[in-house]
Each structure stands twice: as structure tokens, then as C-alpha cells.
Amino acid sequence: MEDKNLSGLQITAKEHPKWYEPASLIFATLMCILGAIIGMELIVATGTTPNTSLVGALFAIVFSRIPLSVCKKFRSIHRQNLIQTSISGATFSVANCMLLTIGIPVVMGYPELMVPMLIGCTLATIIDASILYKCFDTPMFPAEGAWPPGVACAETLLAVIEKGKKAFGIIIGMLMGAVGKAAGIPMDLLGVSWFGNFWAMMALGIGSIIIGVIKTNAFSFALFGFNFNFVDGIFGENFVYSDYISLNYLPHGIMVGAGIVSLIQCGIMLMKKSDGNTSAAGQFTSSMKNMKGAMGIGFGAYAVVAMVLAVVCGLLTDMSIPMFILWVLFAAFAALASELIVGISAMHSGWFPGFATALIFLIVGMLIGFPPLALGILAGYTAATGPCFSDMAYDLKCGYMLRGEGKDPELEKVGRQQQFYAELFGFAVAFVMALLFANKYFDQGMFVAVSNTYKSTIEAGTSMEVAKWLLIWAVPGAVIQWLGGHKQIGILFATGLLVGSTINGITILVALLIRYIAVKRNPENEATLTILGAGALAGSALYSFFTATLGLVKRN
């Protein structure tokens, strides 16, 4: 079949396209600029960043249909994979790791620190992605893990080539995702629930419902523009969530406890000798020995960058030498721990509490007693790690599926390496875009909302009362994580408490119930649900992207 041959689905390692090929580089540059613009605009306007990886791939597909010889090259699914990797890296890094982080010192009254912060956080982002590159497809972060957005992107691209039943399922799922999203249903979560880790998603759903009920003092949600209230005044008519410090720090305490146990579990896994674990395709393509080395080098690299950033930002004048050394070590630990916690959450659910995790380390830093500017730099530095760890893992999962799920180890090695370089190229474009346009946003008073949240948190200070409730809530968080073993139930439960809502929780639990019943009746239904779920996630992402983009056009 001509289309299948052009797609290059079955290739050898030597035939894999290179990220630096002139046509690919030009197209990737245009896509990265588009992704960076959308990323900056949306994170300032809405506080969120769209998943542009599928958008980049679809642009490549459309471009490949132009009847010119240079365009036909983009029918290669592996070239499309490199394009989606680049645009995704540019979008997530410029929004989450650059514009957000460099806004923190500016809102705190230190605009002269914007460029040093940009350089420091860009280096942290590169370290973040480099660690993931070494850790992907180890027993801790297996390629066969859920990594939902990566599955959605791969299944969509494969459906374009293979057509038939899979294409029909993806199209149905995408229509479901778009229509449901328009109605106010978080179809990305519904889709993930049909092929993500069952128990982890259940924990995310329960946590989302609990925090939704506590915050609204009701069991209610909105659909099709209508509010559905089933129970009001659950905690009394005069109950206001923000009035109770014990409840305000419930999500953070749960995550602290779950995070500590999760880090201990990660440490135990790192200390174990290789036991010959295998994936379906054979040995894991990256060993735990490589991961240990990457973690060690990564911690050292984080510490060096943190130290240089701290010196340039003048933190030595605010702290004693012992406190300065403690800050550098804590910043490196926070960066490494943040990416592990965020990565684990992303692997199972497709959601990552990057901003919330940075806020937790900020609060701990406040309890330690670091001065305000040091806390602001700490928050930005920590926030720069995690998002691209997760985003690059999604892209590598997509590539892993497109390359035959590891059946050809050499092809997988070469393809993954090319994706890594494509991701770094996306970071480079993002850095230039942030350098050129950040001040244009800041001069108009347009900052990422989270940047102001970190500033407000630092200004408000903390107390022994906060520390008490963090410790109290850390206990059940630790217990839940420990009992859940490596299913990461505690981390996902805390994620639900940090970023969830009632409608999110209901959607997840209903989707899991459908999945349970369908698979119980016929185990073969699991494959169908995976296709439909991937389609729903893709449709939801595309709907969000294009409606948000149209909204930006109208706004401007």
C-alpha cells in the first residue's frame, strides 16, 4: 500500500529521520514558534497550557498532502513524531518553566533578575529532560506505563495510517471528547480512566470529589451551562473553606506525606539489584544502574546551577554561609524530588501537579526560614522541573508505540535519541521567545497567576500552626501511599485534592465503573476502551486548543 510505504512505519534504525534535516528543521521551527506563542498567551490568560503535540503532528499530516516532493517527506510517521516532540517541548517549557518562573522575581520587585532566572530555569529544564531521557523505560518509569497523552497521540497517528476499525474508534472517541468537552465534561479524564492505572485513577477521582465538596460546601456540578445542586450546606450554612487553616493545608499535607513515602519507595527501588525485570518486548531499554547514575549526576547539576543562580541573584547577602549551603542543597533536592513526584503522577493519570508541588516545597522552605527573595527563586527553580519531565515522557511513549514498542532495540535507541534532540530544539526556540516577549507581557501587568500566588504565599508568611497541620495531614497521606504500594495511590489522591473538582471526580468514577462492567463482561472490550479513551483524550485536547486559540484571536 502506497500510504503505508510513505508512512515509513516499518523502518530500520539507519532509516529513521533526523531532527536536523533542513525541511524538518524549518517546519519544526515554525511549529515551535506557534506553540510558544500559544503557550505564553494561554498561561497568562487562563493559567493553563494546552497539549500541542497532537496539533503539530496533524499540521505535518496536512502539510504532507500538498502535492510537492518536499511535502511528501512528512508522510513519515516518525518525522511527524519528531515534529510533535519539538512543538510540545516548546509549548510546555516556555509557559510552565520560563514565563511562569521568571515572573516571580519581577512581581516581587526584582526585574533585574529576570534574565538570570530565565537562564537558570532553562538549564534546570534541560537537566530535567536529560534525567527523563536516561530514566524512561526503567522499572520505575516503564515505557509500558500509561503515559496517557502519549498513547492518545500515537493511536491517532496510527489510525491515520491503518484506517479500518482503529481509525473508526479514534474518530468516534474524538467526537465524544469534543462534544463532551463543550458540555463541560472533562473528557480528557474520562479517556484516561479507560486505559490508565485503574486504582491510581480511582484515587484521583475520590480526592477530586472530596476537595470539590469541601470547597463548595455542596455536592454540585455544572453541565451544559446549568448548575446541578444535589446537597447544599453540607458543613453548615456559614461554612467557608478559606476560614479553616486545617482544611486549607489538607491537600498539601497529604502530598507531603505521600511524597515522602513515594521518595522512600523510589529509593528502595534504586537500591535494589537488577532482578531481570522484563517488558513485553524484552529487557527494559534503560537500566536502574543508568537511572541511579542519572539521578546522581542530575542532583549535582541541579546543585551547581542553583548555586550559580543564587550567587548571581545576590542571595549571599541575605543569608549566612551555612544557610546558603542549606538553600543550595534544598533547592537541588526539591528539583529532583519534584520531577519524580510529578512524573509518577503523570505516568499514571496524564495529570501532573507541578505548580502545587513547587508550592509545597516553597512552604517547607518558609518553615526552614529562608528569606523572601531566596524563597521566590526556590519556587521558580522547583516549578521549572517536572512539567517537561512529564511532557517529554508523553512524547517518548508516543514514539515507543510508533516504533513497534521496543521490538527493534536499535531503532528504539536511535528514535528516542532523535526525539531528545528535537525536545532540546523546542527548548531553544522557547528560550528565545521568552527572552523576546516576556517583558511585553510584564510591562502590561500580565503575569501568570501562579507567580502571584507564590508571591502572596511568601508575603503571608507561615507559622507553627501551618507546620502542625502539614504534619497532621502528612500521616494519612503517608499511610495511604504505603498501603497502595507502587500503585501510587497516595500521590494521585493528593493530586486530586490539589487540582481536582467535583465534576472531575464524578467523571473519573463513572468512567471507571463503565470500564469495570465492560471488561467484566468481555475482556476484549479493554482494547476497544483504550482506542475510544485515546480518541476522547485527543478530541478533548484539540477542542481545548482550537477554542482557546480562537479566543485569543477574538481577544486580540
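Above: the structure in question.
Below is a summary of the structure that appears in this document.

Turning our eyes to something else, we now look at unusual backbone geometry. Here Asp137, not a glycine, exhibits a phi torsion of approximately 65 degrees, which is positive. Here Asp137 is to be found in the loop between α6 (114-135) and α7 (148-162). Of note in the backbone geometry, Glu405 takes a positive phi value of approximately 55 degrees without being a glycine. Inspection of the secondary structure puts Glu405 in the loop between α17 (387-402) and α18 (409-442).

In this section: the packing of aromatic side chains. Per the stated rule, a full pass over the model turns up 22 aromatic pairs. Taking 5.0 Å as the distance between ring centres and 45 degrees as the angle between the ring planes, the aromatic pair formed by Phe27 and Phe74 counts as tilted. Taken together, the residues span a long stretch of sequence, with Phe27 in helix α2 (residues 22-45) and Phe74 in the loop between α4 (69-72) and α5 (77-107) at a distance of 47 residues. Of the two residues, Phe27 and Phe74, neither departs from the other in class, the shared state being buried. Put simply, the rings of Trp19, Tyr20, Tyr133, Phe420, Tyr421 and Phe425 pair up and form one aromatic cluster.

Two numbers describe how α5 lies on helix α19 (residues 449-460): the axes approach to 8 Å, and their chain directions differ by 45 degrees. Between α5 and α19, the crossing angle belongs to the class labelled oblique. α19 is crossed by α5, and the crossing has right-handed handedness. Along its contact with α5, which presents Leu100, Gly103, Ile104 and Val107, the element α19 presents Val450, Ser451, Asn452, Tyr454 and Lys455. Among the residues forming the contact of α5 with α19, the class breakdown is five nonpolar, three polar and one charged.

Calculation rules
- Residues numbered from 1 in each chain as written.
- Predicted model: local features only at pLDDT ≥ 70, side-chain atom pairs only at ≥ 80, totals over all residues.
- Heavy atoms only, no water.
- Helix = DSSP H or I, 4+ residues; strand = E, 2+ residues; numbered from the N terminus.
- Phe/Tyr/Trp six-rings, centres within 6.5 Å; stacked < 30°, edge-to-face > 60°.
- Buried < 20%, exposed > 50% of the residue type's maximum accessible area, 1.4 Å probe, protein only.
- Axes fitted to C-alpha atoms, helices over the stretch in contact; angles between N-to-C directions.
- Parallel < 35°, antiparallel > 145°, perpendicular 65-115°, else oblique.
- Left-handed = near helix turned anticlockwise from the far one by under 90°.
- Contact = heavy atoms within 4.5 Å.
- Nonpolar A, V, L, I, M, F, W, Y, C, P; charged D, E, K, R; others polar.

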